[in-house]
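What follows is the residue order along each chain.
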Amino acid sequence: MQHKRICLGLFAAFASLVTAADESDVTTLTGKTFDDFVKANDLVLAEFFAPWCGHCKALAPEYEEAATTLKDKKIKLAKIDCTEEAELCQAHGVEGYPTLKVFRGLDNVSPYGGQRKAAAITSYMVKQSLPAVSALEKDTLEDFKTADKVVVVSYVAEDDKTSADVFKTVAEKFRNDYLFGTVADAAVAEAEGVKAPAVVVYKSFDEGKTIFKGKKFEAQAIEEFAKVAATPLIGEIGPETYAGYMSAGLPLAYVFAETEEERAELTKTLKAVAEKHKGKVNFGTIDAKAFGAHAGNLNLKTDKFPAFAIQDIEGNKKFPFDQEKEITEKNIAKFVDDYVAGKVEPSIKSEPIPESQDGPVTIIVAKNYDEIVLDDKKDVLVEFYAPWCGHCKALAPKYDLLGAAFKESEFKDKVTIAKVDATLNDVPDDISGFPTIKLYVAGDKKNPVTYNGARTPEDLIEFIKENGKHKASVTLKEEATEEEAAPAASKETEKEKEADEDEDEDHDEL
């Protein structure tokens, strides 16, 4: 009898564990349930995924945590397995995994623009749930100040429609980045030390509060103020903050160090330098153990830390500080002063120029970049790739087919198919992921067109035809028959799976 009770107890415990494991605040949707679910909920974040996708596996616990946090706010998170619901995923234009989209009904859909971390997902979706500008009163202001890491509040008189419209314009533009609120009560403004019209940024770091001191209440001035005020004096550069630093547009000074204690010490050492150049250069520490490889992208040695470098984000130029010199306040102050004054020459990393270009795809390095890409007579399609990138490896044979088709066509002198290893060559372009494919159109090299379609030779040919100056179109030399196409598609799926898993393996990136 005792044995039976023990068995029943173990069974009950096991059953409770299974039940707990099955409980999830993320709703699984299918083609049959998707439309009704989206219609029934005001705001839904949907993840379109594949079970074999490494990025999806990494996202899963973060997504689950965000769903639990957002449950009380009536914001729903859902997921769709695209290996089971192919038609649904195709209908929503899913071309890679994971794809995240924000739904406000079936007709109001936008791509998710945040990081793939629980805190970032939560923050982003809370912003999506609120109006662009929340009306605040004395009783609600205090809670609003701490609702996110950064909140922007205007103090505008009720009858000042001009100032209210200016602030709303800024809020609409940056609603994905910050929370925006407005107060009309003059007494509340006085208690906050401002007089309408005014703007205050409240934040969970540095001095905690920054007041707009612009002479004119204009959108551009408020935008610039908010960006500077919302950036920590010396913040932490990592996956959750990197995109924000890149979008800020200011040069970024990296402080690489391997331990938290060392980064904290260097933050104290360089505080005065960062304060002097606030609004001109952003400063941030970076974990050299986790992201030391990124030092190589800044033309620093990846085995010698601490290290310091400045990146001109607009021109994508790198200015590494001599790693043989000690990082002291005096040394870095002079280096940054000289950089701001235009006295420091950028470091340019380049592979040797190829002796010949006999292959189907033209090879670009930093030293021949301008000669090839900026050739004003040619439409130039460029693939920016990384050697470790699995998707790039999967694309390589298809890209070779594309290159061969144009090289052997009547358009060989009008269209160039090229590629560049963006990890070994400095390029002036803003590359946020691999592969990135851009078309530099003849006669308009300043405005390249980024390709976002399926990575097939046929689709790339159509892209060049539609967007290039010469409207060039070619036929692939060997087209698969219908009998050959089916097994080829199956093999391609396997290649994409292997590529995705390969890309996840042993690679930390920002």
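Residues numbered from 1 in each chain as written. Predicted model: local features only at pLDDT ≥ 70, side-chain atom pairs only at ≥ 80, totals over all residues. Heavy atoms only, no water.

Asker: Tell me about the environment of Ala221, and please be specific about residues and values.
Answerer: Locating Ala221 in the fold gives a position in helix α9 (residues 219–229). Sequence separation between Ala221 and Val170 is 51 residues; the distance between their C-alpha atoms is 10.0 Å. (Helix = DSSP H or I, 4+ residues; strand = E, 2+ residues; numbered from the N terminus.)

Asker: Can you break down the side chain of Thr122 residue by residue, with the values?
Answerer: Note on placement: Thr122 falls in helix α5 (residues 118–129). Those residues in contact with Thr122, other than ones at most four positions away along the chain, are Ala66, Thr69 and Leu70. (Contact = heavy atoms within 4.5 Å.)

Asker: I'd like to hear about the confidence of the model for the protein chain, residue by residue, with values.
Answerer: On average, residues of the protein chain score 88 in pLDDT, and 89% of them reach the 70 mark or higher. In the model, residues 1–21 has pLDDT below 50 throughout and makes 0 contacts with residues more than four positions away in sequence or in other chains. Here residues 479–508 is modelled with pLDDT under 50, and outside its nearest four sequence neighbours on either side it reaches 31 contacts, counting other chains as well. (pLDDT = per-residue confidence, 0-100.)

Asker: Describe helix α14 (residues 329–340), naming the residues involved and giving the relevant values.
Answerer: For α14, built from 12 residues, the straight-helix expectation of 16 Å at 1.5 Å per residue is met to within 8% by its first-to-last C-alpha distance of 16 Å. Among the residues of α14, those classed as buried are Ile332, Phe335, Val336, Asp338 and Tyr339. Down the axis of α14, the sector holding all buried residues measures 160 degrees, keeping them to one side. Opposite the buried face of α14, by more than 90 degrees, sit the exposed residues Lys330 and Lys334. Against the buried residues of α14 lie α11 (260–276), β13 (282–287), β14 (307–312) and β15 (317–320). At the C-terminal side of α14, Gly342 shows a positive phi close to 75 degrees. (Expected span 1.5 Å × (residues − 1). Buried < 20%, exposed > 50% of the residue type's maximum accessible area, 1.4 Å probe, protein only. Arc of directions from axis to C-beta.)

Asker: For the packing of helix α16 (residues 390–407) against helix α17 (residues 457–467), give the residues involved together with the corresponding values.
Answerer: Look at α16 against α17: their axes get within 9 Å of each other, and the N-to-C directions meet at 45 degrees. Relative to α17, the element α16 lies oblique. Judged by the twist between their axes, the crossing of α16 over α17 is right-handed. Contact residues: Lys398, Tyr399, Leu402 and Phe406 in α16; Pro457, Leu460, Ile461 and Ile464 in α17. Across the contact of α16 with α17, the residue classes tally to 7 nonpolar, no polar and 1 charged. (Axes fitted to C-alpha atoms, helices over the stretch in contact; angles between N-to-C directions. Parallel < 35°, antiparallel > 145°, perpendicular 65-115°, else oblique. Left-handed = near helix turned anticlockwise from the far one by under 90°. Nonpolar A, V, L, I, M, F, W, Y, C, P; charged D, E, K, R; others polar.)

Asker: Pulling in residues and values, what's your account of unusual backbone geometry?
Answerer: The omega torsion across Tyr97 and Pro98 is -15 degrees, close enough to zero to call that bond cis. As for its placement among the helices and strands, Pro98 is situated in the loop between α4 (86–91) and β4 (99–103). A cis amide bond links Phe305 with the next residue in sequence, Pro306, at an omega value of 5 degrees. The topology assignment puts Pro306 in the loop between α13 (294–297) and β14. In this structure, Asn299 takes a positive phi of about 65 degrees despite not being glycine.

Asker: Kindly report on the pattern of salt bridges, identifying the contributing residues and their values.
Answerer: Considering all chains together, one arrives at 13 salt bridges under this definition. Residue Lys71 is joined to Asp25 by a salt bridge in which the shortest nitrogen-to-oxygen separation is 3.3 Å. With Lys71 in helix α3 (residues 54–71) and Asp25 in the loop between α1 (2–22) and β1 (26–28), this pair connects stretches of sequence that are 46 residues apart. In this structure Lys71 comes out as partly exposed when scored by relative accessible area, which is 42%. Residue classification places Asp25 among the partly exposed positions, given a relative accessible area of 25%. As a salt-bridge pair, Lys145 and Glu142 come within 2.9 Å of each other at their nearest N and O atoms. With Lys145 and Glu142 both in helix α6 (residues 138–145) and 3 residues apart, this pair spans about one turn of that helix. With a relative accessible area of 15%, Lys145 lands in the buried category. By relative accessible area, which is 46% here, Glu142 ends up partly exposed. What emerges from the salt-bridge pattern is a single network uniting Glu142, Lys145, Glu192 and Lys209. (Salt bridge = Lys/Arg side-chain N within 4 Å of Asp/Glu carboxyl O.)

Asker: I'd love a proper account of the side chain of Ser154, names of residues and values included.
Answerer: Inspection of the secondary structure puts Ser154 in strand β7 (residues 150–155). Among the residues examined, Ser154 registers a relative accessible area of 0% and is labelled buried. At a separation of 2.7 Å, a polar atom in the side chain of Ser154 contacts the side chain of Thr182. (Polar contact = N/O pair within 3.5 Å; in protein donor to acceptor, adjacent residues only side chain to side chain.)

Asker: Give a description of the sheet that holds β15 that names residues and reports values.
Answerer: Read from one edge of the open sheet, 5 strands run β11-β13-β12-β14-β15, paired in mixed fashion. Sheet topology places β11 (234–236) and β15 at the edges, where each strand pairs with a single neighbour. Across the sheet, the mean angle from the axis of one strand to that of its neighbour is 25 degrees, orientation sign disregarded. Pairing of strand β12 (residues 252–257) with β14 involves 5 bridges; the strand directions are antiparallel. Directly across from Phe256, in β14, lies its bridge partner Ala307. (Pairing = 2+ DSSP bridges.)

Asker: Pulling in residues and values, what's your account of α9?
Answerer: Of all the positions in α9, only Ile222, Glu223, Phe225, Ala226 and Ala229 are classed as buried. Buried residues of α9, seen end-on, are gathered within an arc of 165 degrees and therefore sit on one face of the element. Considering only its buried residues, α9 is in contact with α7 (161–174), β9 (198–203) and β10 (209–211).

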